[in-house]
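Survey of secondary and tertiary structure
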Amino acid sequence: MTLDQYRPHVKVYFDPLVRFAIRYRITPNILTIAALAASAVAGCLFFFRLEIWAVLAVAVNAFCDAMDGAVAREMKNQSLRGDFLDHAVDRYADIFIITGIFASGLVPWPIGVLALTGVLMSSYLGTQAQAVGVGRVYAGVLGRADRLVLVMVVGIVFLLFPLTIYGLNLLGWLLLLFGVFGHVTAFQRFAYVWRKME
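Per chain, residue numbering runs from 1 following the sequence as it is written. Totals for whole chains, interfaces and linings use every residue, but because this is a predicted model, local features are given only for residues with pLDDT of at least 70 and side-chain atom pairs only at 80 or more, for both listing and counting. By convention in this description, side-chain values take in all heavy atoms of the structure and omit both hydrogens and water.

What follows covers the packing of aromatic side chains. When the centres of two rings from Phe, Tyr and Trp lie within 6.5 Å, Trp using its six-membered ring, the rings pair. Their planes under 30 degrees apart give stacked, over 60 give edge-to-face, and anything left gives tilted. Enumeration according to the criterion identifies four aromatic pairs in this entry. Relative to phenylalanine 48, the ring of phenylalanine 47 has its centre 5.1 Å away and its plane inclined at 80 degrees; by these criteria the two rings are edge-to-face. Only protein chains enter the calculation, and the probe is 1.4 Å; a residue is then buried if its accessible area is under 20% of its type maximum, exposed if over 50%, and partly exposed in between. Phenylalanine 47 sits in the partly exposed class, given a relative accessible area of 41%. A ring pair is formed by tyrosine 92 and phenylalanine 96, whose centres lie 6.2 Å apart and whose planes are at 35 degrees; its orientation type is tilted. Here tyrosine 92 and its partner phenylalanine 96 are both found in helix H4 (residues 80-103), four residues apart, which amounts to about one turn of the helix. Judged by relative accessible area, which is 31%, phenylalanine 96 ranks as partly exposed. A helix here means a DSSP run of H or I that spans at least four residues, while a strand means a run of E at least two residues long, and both kinds are numbered starting from the N terminus.

Detection works on a 1 Å grid of protein atoms alone, calling trapped sets that fit a 1.4 Å probe cavities and calling open sets with protein on both sides within 12 Å along at least five of seven lines pockets, with lining residues defined by an atom within 4 Å of a point. Grid points are joined across faces, edges and corners, and a volume is the space filled by probe spheres set on the points. For the structure shown, the criterion picks out one cavity of 30 Å³ or more. Here the largest cavity defines a volume of roughly 90 Å³. Residue lining of the largest cavity: Val58, Asp94, Ile97, Ile98, Ile101, Arg144, Arg147, Leu148, Val151, Leu175 and Phe178, and that is the complete set. Elements that contribute at least two residues to the lining of the largest cavity include exactly H4, helix H6 (144-160) and helix H7 (170-196).

Looking now at the layout of surface pockets. Over the atoms a probe the size of a water molecule is rolled, and this reveals where empty space is left. A volume near 230 Å³ is recorded for the second largest pocket. Elements represented by at least two residues in the lining of the second largest pocket include exactly H4 and helix H5 (109-131). Of the residues that constitute the lining of the second largest pocket, the class distribution is four nonpolar, four polar and two charged. Asp, Glu, Lys and Arg are counted as charged, while Ala, Val, Leu, Ile, Met, Phe, Trp, Tyr, Cys and Pro are counted as nonpolar; the rest, among them Gly, fall into the polar class.

The next point concerns the packing of H4 against H7. For helices, the fitted line uses only the C-alpha atoms of the stretch in contact; every axis is such a line through C-alpha atoms, and the angle between N-to-C directions lies from 0 to 180 degrees. One can describe the packing of H4 onto H7 by two numbers: an axis separation of 11 Å at closest approach and a directional angle of 135 degrees. Between H4 and H7, the crossing angle belongs to the class labelled oblique. Along this stretch, H4 crosses H7, giving a crossing that reads as left-handed. Contacts between H4 and H7 involve Ile98, Ile101 and Phe102 from the former and Leu171, Leu175 and Phe178 from the latter. Working rule for angles: under 35 degrees goes down as roughly parallel, over 145 as roughly antiparallel, 65 to 115 as roughly perpendicular, anything else as oblique. Should the near helix be turned anticlockwise from the far one by less than a right angle, the crossing is termed left-handed; should it be turned clockwise, right-handed. Contact between two residues is taken to exist if any of their heavy atoms lie within 4.5 Å; hydrogens are not considered.

Definition used in this section: a nonpolar core is a set of buried Ala, Val, Leu, Ile, Met, Phe, Trp, Tyr and Cys residues joined via side-chain atoms within 4.5 Å. One finds Val58, Ile97, Ile98, Val107, Leu171, Leu175 and Phe178 to be the most contacted residues of the largest nonpolar core, which totals 29 residues. Sorting the residues of this core by element identifies helix H2 (28-47), helix H3 (51-75), H4, H5, H6 and H7 as the ones contributing at least two each. If you look at the next biggest cluster of nonpolar residues, it comprises six residues, including Val18, Met67, Ala70 and Val71.

Let's shift gears to the pattern of salt bridges. The salt bridge definition used is simple: a Lys or Arg side-chain nitrogen within 4 Å of an Asp or Glu carboxyl oxygen. Inspection of every chain in the model, using the stated rule, returns five salt bridges. The shortest N-O distance in the salt bridge between aspartate 65 and arginine 144 comes to 2.9 Å. Of this pair, aspartate 65 sits in helix H3 while arginine 144 sits in helix H6; the two residues are 79 residues apart in sequence, bridging distant segments of the chain. Neither aspartate 65 nor arginine 144 differs from the other in exposure class; each is buried. Between arginine 147 and aspartate 94 there is a salt bridge, and its shortest N-O distance comes to 3.3 Å.

Take a look at the structure:
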């Protein structure tokens, strides 16, 4: 993911929050479930066209999603069960947010389906690589952290400048980007894993 390179630089800002979570016994699984709830709320808010609140809910999802792994690492209690839960929740979060956007009518449903399949396939191939023994693959042009940041930024810009360009508003172009680059990312991961298995 393109944003992964910045993780060491933001760790210093997360450390006090991680210590706070540990002190008050906020476990990684609690944060993961909170991320799921925030994404479900975001999807509903997008559906009802309450975009500003939806963007805030996406921000809560992104925060909790970043925190659960950080807390688990600090507590040294990373587990296969926690990793499994996190990946399952992330996929449902993607479904809630993207479906909420295109089910609202803000974006044509074919573009929404393209976005959803691109996102799910890129994520699936990243974890399937681990299943066949290559190891988890995060490579590609568009990862989950990138998508969350783009939803927040474009969501705010869409509210300020509700433009229509070639028949699509900014959210429509965003989902089109998710669809195209999601499938490009899926292909990149497939090719990488295929070469590794030779």
